[in-house]
Amino acid sequence: MSSAAPGAAELEAAHRSGRLEWPVERLTAKALDIRRDIVTLLSKSQTGHSGGPLSCADFGTALFFHELNIDPANPRWPERDYWHFSIGHVTPVIYSLMAERGYFPLRDLMKFRTFEGHAQGHPSAHDTPGIEVSAGSLGQGLSVCNGVAMGARIDHHPRRIYCVMGDGEQQEGQIWEAAMFAAHYRLDHLCGIIDYNHKQIDGDVEDIMGVKPLADKWRSFNWNVIECDGHDIPGILRSFAAARAHGGRPSVIIADTVMGRGVSYMADDYRWHGKPPKPDQAETALQELGTSYAEWSARLLAH
Amino acid sequence: MSSAAPGAAELEAAHRSGRLEWPVERLTAKALDIRRDIVTLLSKSQTGHSGGPLSCADFGTALFFHELNIDPANPRWPERDYWHFSIGHVTPVIYSLMAERGYFPLRDLMKFRTFEGHAQGHPSAHDTPGIEVSAGSLGQGLSVCNGVAMGARIDHHPRRIYCVMGDGEQQEGQIWEAAMFAAHYRLDHLCGIIDYNHKQIDGDVEDIMGVKPLADKWRSFNWNVIECDGHDIPGILRSFAAARAHGGRPSVIIADTVMGRGVSYMADDYRWHGKPPKPDQAETALQELGTSYAEWSARLLAH
Amino acid sequence: MTATITLPEKVEMKKTREGFGRALVALGEQDPRIVVLVGDLSESTMVHFFAEKFPERFIQVGVAEQNMCGIAAGLAAMGKIPFFSTYGAFASCRAADQIRVTVAYTNLNVKIAGAHGGISVGPDGATHQAMEEISIIRSIPNMSMIVPCDYWETYKATLAAAKHVGPVYIRFGREDVPVVTGEHTPFAFGRGEVFAEGRDLTLIACGVMVYEALRARETLATLGISARVVDLHTVKPIDRELIARSARETGAIVTAEEHQVNGGLGGAVAEVVVQQSPVPMELVAVQDRFGQSGKPAELMDAFGLRAKDIVVAAQKVMERKRARG
Amino acid sequence: MTATITLPEKVEMKKTREGFGRALVALGEQDPRIVVLVGDLSESTMVHFFAEKFPERFIQVGVAEQNMCGIAAGLAAMGKIPFFSTYGAFASCRAADQIRVTVAYTNLNVKIAGAHGGISVGPDGATHQAMEEISIIRSIPNMSMIVPCDYWETYKATLAAAKHVGPVYIRFGREDVPVVTGEHTPFAFGRGEVFAEGRDLTLIACGVMVYEALRARETLATLGISARVVDLHTVKPIDRELIARSARETGAIVTAEEHQVNGGLGGAVAEVVVQQSPVPMELVAVQDRFGQSGKPAELMDAFGLRAKDIVVAAQKVMERKRARG
Ligand SMILES: Cc1ncc(C[n+]2csc(CCOP(=O)(O)OP(=O)(O)O)c2C)c(N)n1
Ligand SMILES: Cc1ncc(C[n+]2csc(CCOP(=O)(O)OP(=O)(O)O)c2C)c(N)n1
Ligand SMILES: [Mg+2]
Ligand SMILES: [Mg+2]
């Protein structure tokens, strides 16, 4: 609960440019905030995706508050690392991470998917500062990251590039075109992260269109494959470090996660892929997360 | 040279419905005819692809004159196996195989790519009897074969399905979508054949966009992988038999071949991917293949 | 065969996509050749009704629209009547090359169901609001395309698509929309329907804009303008005869579509009009811009796709008609 | 700024795609932000000139058009000016979804080069004869599109595309085609050029059909018909003013394009005409059918894309104009 009202120091820190390299405890606390944000904004909007955003919360927090070299106050800071969510539908976690990190006020989250807000249903470069390339059609993001990585190479720029993908998304052929390309050009400054939550819209990934053995697939496409528990922050940090240390090949972190993680009734249930909790369900969820809608929405609206 | 003028018995046999199961020697002789056809028709048309058709000639012959259960006189024979070249640009070998097997007169080959003929630059179901689905845009054929295989399953039909792909074509993401699907649905009546000639339009496949390790890729997509020398007819026949015998998973035969195989100055040279030999070059090639343009074109025009 | 449609004050609301989903079940019962494919969107496209009844003829393809289109082609080549379904944005764009080469060039009996057409998709935003399908699909030879206006017309369009031999694209929407037609309202593939007679101009609409056109007609009547309303559900092949006749008889046309203005229904009608009987036209459509998040109603307002926008366009076209004498 | 073009009896023949390839080299020299991508078609699209000179800014993607489009987007996001090149069929169809969502919705500075547009591609046949690009591309918001008429215009269009900030699609052909313009003929992105004045009707063409229109004008002159010829190289944004003025001043329009009739140049012009100044139009184009193998000249004849076909259309439109009084 201590994190419910962020102090000036925290906000200042969050908005700092560069890599934050927060310690595990702070990351753990922030990941909890992210989950509270997600449930709160979805309860407000009554439209949007719950499951994927919650499975991305831990590695997303590690990415934004430890790994990435960015300047939220200056989204186009030339020194920045590039991050991209190829799974555009997880905007609740993307916007929450962005707002908590300082790209825009937390209160903007409460206008998610509305006509007035900038927080579009899927990430829109046209609307949201910090979103560099729009997304929403699955399978396209790794190609974009390939382009960013090639651009960095041409410019002899030390930028690192991070691309978050889904496991259902692995069914899109464009992913494998992009995988082949990145390995061919030895883009070792590129790091993929797969939200391996084992679910997609219509059910279990292995029932819908099995992607197993996923690590073997990426290995056979000549990537450095790192597997980890996508909810274990120390393991995630080790994975990022391993990716960073690996030369000559792009790395992919296969983050084993649970869809809907953090909300008991959503966990591991594909039916929560694309719907928001009803207000009463959200209240239950927020209680589980140690807060309430009243408290958390007040926090969001205050910043 | 004995095969230059096909006897009535040979033609009759060639046109027979069912699997021909020709012995190795006859297949070897027929593959030579196919190469002669290819060079002759390209010399006549002065437009079209040389390299890929020549690398496909041996396994193509084994497919059409040994393996396939078809009735060229009745292309829609309900009992037929289904064959499809996803690499639509290798029409010289496709049409030669079709004509030699009896789908249409050999003389039609001499109208390849002309306004009058049915033999379009890329396979056209609208124009050529026996072509069931048009092709020419790479990467689409295995999906079509998936559909044919699912249709056979719904109908409880014992049809087998064969799909010829290119190695450059492996760069198309749709191939991997289709690969994932076929394994997911355990389409063991589906057999892919990859013309692994190591070349594509702009150069060596490994230079343009490496596909290695190709067998590992297919294995990681849960296919039964069979590797063979694509110019060794006994080995090809064993591979077809192995594919046929394998239950529970689709099989892919990775046929190691040489682009332009059979014509010394074309062999292993990517610059022959998409152009025809000039008449004098064709004459040299046909001499190497034990005939001449005059002789072979006369054979084609006579049937 | 003309159905005169008068709207009650309060009309029933129903999803077009449900008409699609229910019709598939009816088709599945009648014809064993019907096979349904989906790309991980069973409930959104409402093919789950079919999946429950005919699991052995239902194929889940996962998130792989290109492959799905090719599979449908292979099934059609084997004599099946496959319907493949996903959001319209992905059906028309992600599979465009597969539709062009494998399906249309071969002229295979593949049916394509594009759900979530139009700005009325709402909060999902621009990527999911398909508004280019008419332009894309009607440019491809051998393709037919139907944009039904409500639940019942989608139901009938689905049956008609199955009956027509050749590739057909059906576009429908996400939200509850006014039910304008009834179970027995005439519907003929390839033919527009005159839903209301009029002398001064013709409103030609497809999809949900048919309802808006009918409402616009009521307002126009109060302004002393008599508007014919044509439901042009089949945008390809287009009913040239009806368009030409309407141009001749009424002398002015307003088209209305929940689609980009370039190359859509308005463009298709304009092509006929200039070749047959040039008259002033106004095009009510999305003005070459991407959609955004919002409530469906908000967006229909903001993007100028309401009866009132049709009324304004009608007044403008009437002025132009008068100015020509 | 009007260039009056009179054709010599025998015109020089040159490939439009070479104009593209040469312009890329000039651009590469001027601007370090230029990056060129290709999908295993370096010589066909003539980007090999650039590749030889600027290997470090040349990216071979292999046979993967979707990925290529996304890579171009990423490069553009990093401030590069990427041109990606493949056959028009694959540029416009295989990458349609990537163009729509990643490139156009983001409004990235990506340039798309579609080679082998039109029936004149010849022996390769239907799959390789791209004839739907105008309809597809112009329906997508934020996209611009240029269809240059000859070597020089393609050269200039390529420079103009690089200069314009935003996504641009350039369509060009395979074969040697008549060189109609010169190095110094005016060219302005977004503006049509009047290549020859006329009173009785306007021929509006793009691509190789500009040459055919100029030839048609000569024949029409011998028949006592005075035709204006407009080179409408930029099909989006379209020069509404010039089209409206031509409609007003000449009272009849014939469009000519090496493209499907549905939603192409003819449709784009028709949309303007009905909204601004309805006059009779005839559309010379491919009549909604796939191409086939043959010699380019044979196909241009067979598909009705010749000066003589424009003459017939012009006579028809003149009759319709007269009939209206
Ligand atoms: C090209 C494309 N096809 C279909 C969709 C619709 N869609 C959105 S999310 C999704 C499921 C993706 O599964 P996964 O990557 O596992 O994400 P998760 O369900 O775990 O959030 C689908 C099919 C889309 N957005 N883009
Ligand atoms: C979608 C698509 N992109 C590009 C092409 C142009 N193209 C035709 S053949 C070819 C090379 C294919 O390489 P491979 O499969 O190895 O065939 P091979 O050169 O060995 O005959 C390319 C790029 C095409 N036909 N389709
Ligand atoms: Mg998932
Ligand atoms: Mg090859």
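The following refers to the structure shown. (Residues numbered from 1 in each chain as written. Chains lettered and ligands numbered in written order. Predicted model: local features only at pLDDT ≥ 70, side-chain atom pairs only at ≥ 80, totals over all residues. Heavy atoms only, no water.)

### Re the sheet that holds strand E9 (residues 193-196) of chain D
All names here are of chain D. Read from one edge of the open sheet, five strands run E9-E11-E10-E13-E14, paired in mixed fashion. The sheet is open, and its two borders are formed by E9 and strand E14 (281-286), each paired with just one other strand. For this sheet, the mean inter-axis angle between neighbouring strands, taken without regard to orientation, is 25°. Sheet analysis places strand E13 (residues 253-260) next to E14, joined by five bridges and oriented parallel. When the sheet's bridge partners are listed, Thr255 is paired in E14 with Leu283. (Pairing = 2+ DSSP bridges. Helix = DSSP H or I, 4+ residues; strand = E, 2+ residues; numbered from the N terminus. Axes fitted to C-alpha atoms, helices over the stretch in contact; angles between N-to-C directions.)

### Re the coordination of the magnesium ion (ligand 4)
Residues and elements named next belong to chain B. Listed as protein donors to the magnesium ion (ligand 4) are Asp167 (OD), Asn197 (OD1) and Lys199 (O); their distances from the metal cover 2.0 to 2.1 Å. The motif formed by the donor residues of the magnesium ion (ligand 4), counted along the single chain, is D-x29-N-x1-K. Comparing Asn197 with Lys199 shows no difference in burial state: the two are buried. (Donors = N, O, S within 2.8 Å, 3.2 Å for Na, K, Ca; no water. Buried < 20%, exposed > 50% of the residue type's maximum accessible area, 1.4 Å probe, protein only.)

### Focus: the relation of the copies chain C and chain D
Overlaying chain C on chain D yields an RMSD of 0.0 Å, the required transformation being a rotation through 180° with an accompanying axial translation of 0.0 Å. What the superposition gives is, in effect, a two-fold axis relating one chain to the other. Mapped onto chain D, 100% of the interface residues of chain C are again interface residues, and the two copies thus contact each other with one and the same surface. (Least-squares fit on C-alpha atoms with pLDDT ≥ 70 in both. Contact = heavy atoms within 4.5 Å.)

### Here we look at the site of ligand 1
Residues in contact with ligand 1 amount to 23 residues; listed here are only the nearest, His89(A), Asp167(A), Asn197(A), His273(A) and Glu65(C). At 2.8 Å, a backbone N or O of Gly168(A) approaches an oxygen atom of ligand 1. Within the side chain of Glu65(C), a nitrogen or oxygen atom sits 2.5 Å from a nitrogen atom of ligand 1. Surface burial for ligand 1 is 99%, taken as the share of its 580 Å² of free accessible area covered by protein chains. Of all the secondary structure elements, the ones that give two or more residues to the shell around ligand 1 are strand E4 (199-200) of chain A together with helix H4 (88-94) of chain C. Along the lines of polarity and charge, the residues of the shell around ligand 1 split into six nonpolar, ten polar and seven charged. (Near = heavy atom within 4 Å. Polar contact = N/O pair within 3.5 Å; in protein donor to acceptor, adjacent residues only side chain to side chain. Areas by Shrake-Rupley, 256 points an atom, 1.4 Å probe, with all protein chains shown as cover. Nonpolar A, V, L, I, M, F, W, Y, C, P; charged D, E, K, R; others polar.)

None of the figures reported here should be taken as evidence of function without further support.
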